[in-house]
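Overview (structure and organization)
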Amino acid sequence: MEKSEKRDDAGNTANATGDQVMEALERELTLLLRRARASSGDMAREVHPDLEPAAYGILSRLHETGPERATLLAGYFGVGKATMSRQLRALEDLGLIRREPDPADGRAFLVELTEEGRSRFTRVREARRRRYVSRLAAWDRAELGDLARLLRRLNESQEGA
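Cut-offs applied
- Residues numbered from 1 in each chain as written.
- Predicted model: local features only at pLDDT ≥ 70, side-chain atom pairs only at ≥ 80, totals over all residues.
- Heavy atoms only, no water.
- Patch = residues over 30% accessible without salt bridge, like charges linked within 9 Å, V, L, I, M, F, W, Y side chains within 5 Å.
- Areas by Shrake-Rupley, 256 points an atom, 1.4 Å probe, with all protein chains shown as cover.
- Salt bridge = Lys/Arg side-chain N within 4 Å of Asp/Glu carboxyl O.
- Lys, Arg positive; Asp, Glu negative; His and termini not counted.
- Charge placed at Lys NZ, Arg CZ, Asp CG, Glu CD.
- Helix = DSSP H or I, 4+ residues; strand = E, 2+ residues; numbered from the N terminus.
- Core = buried A, V, L, I, M, F, W, Y, C linked by side-chain atoms within 4.5 Å.
- Buried < 20%, exposed > 50% of the residue type's maximum accessible area, 1.4 Å probe, protein only.
- Pairing = 2+ DSSP bridges.

Observations regarding a positive patch on the surface
- On the surface, a cluster of positive charge is contributed by Arg 34, Arg 35, Arg 37 and Arg 135.
- Sort the elements by how many residues they give to the positive patch and helix 1 (residues 18-47) lands first, with three residues.
- Here Arg 34 is to be found in helix 1.

Listed below in structure tokens is the structure:
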């Protein structure tokens with residue numbers, strides 16, 4: 001197997017096989033995703049005590065995109081229409097979203113944040129960003145830019161996978 005550089009726990013580099021590099025990558029991504037899931041649950045509860053962790057992502061998407069059809073949301077998250085409908089109903093019952101007729105197609109509806117939903121989501125997101133700033137204060141801007149660029153590349157490579 002080809003050799004590449006591998007960082008050990010102390011941050012030192014050493015020769016490693018491609019398999020070792022992939023194992024290290026898998027380990028770090030698994031840890032990152034586990035922490036992200038736990039964090040998502042915490043943030044969801046901060047928005048509303050009865051909010052499911054998966055629903056936080058829906059609020060984030062609607063905040064980013066504005067009004068969207070439920071079918072587009074389901075496709076974006078890779079879930080079925082029934083699952084998305086259940087999650088949207090729960091968000092609507094909590095007063096965080098509303099459905100409005102789609103002006104482009106009277107048979108369809110657009111889902112959007114309510115003012116309450118936007119306010120609660122924004123408050124939690126800003127608190128999360130303050131935590132990121134604090135935890136990453138020792139990183140220089142170039143490192144943060146590299147991390148953001150590489151994560152975007154990783155996310156783009158996963159689209160449609």
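Side note on the nonpolar core
- Core analysis: the biggest nonpolar cluster contains 20 residues, and Leu 51, Leu 59, Leu 88, Leu 91 and Ile 97 have the highest contact counts within it.
- Counting only elements with at least two residues in this core, the list comes to helix 1, helix 2 (53-65), helix 3 (70-77), helix 4 (81-93), strand 5 (105-113) and helix 5 (115-135).
- Counting residues per element, this core draws most heavily on helix 2, which supplies five residues.

Concerning the sheet that holds strand 4 (residues 97-102)
- Strand order in this open sheet of three strands is 3-5-4, and the pairing throughout is antiparallel. On the outer flanks of this sheet lie strand 3 (68-69) and strand 4, each paired with one strand and no other.
- The sheet contact formed by strand 4 and strand 5 spans six bridges and is antiparallel. By the bridge assignment for strand 5, Arg 98 is matched with Glu 112.

Topic: the pattern of salt bridges
- Under the defined criterion, the tally for this structure stands at 14 salt bridges.
- Arg 86 serves as the salt-bridge partner of Glu 52, at 3.0 Å between the closest nitrogen and oxygen. Of the two residues, Glu 52 is situated in the loop between helix 1 and helix 2 and Arg 86 in helix 4; the sequence distance between them amounts to 34 residues.
- Exposure remark for Glu 52: the relative accessible area of 34% places this residue in the partly exposed category.
- When the shortest N-O distance is used, the salt bridge between Glu 156 and Arg 152 registers 3.2 Å. One end of the pair, Glu 156, and the other, Arg 152, are both in helix 6 (residues 141-158), four residues apart, so they sit about a helical turn from each other.
- Exposure remark for Glu 156: the relative accessible area of 46% places this residue in the partly exposed category.
- In this structure Arg 152 comes out as exposed when scored by relative accessible area, which is 58%.
- The network of salt bridges with shared partners includes Arg 69, Asp 102, Asp 105 and Arg 107.

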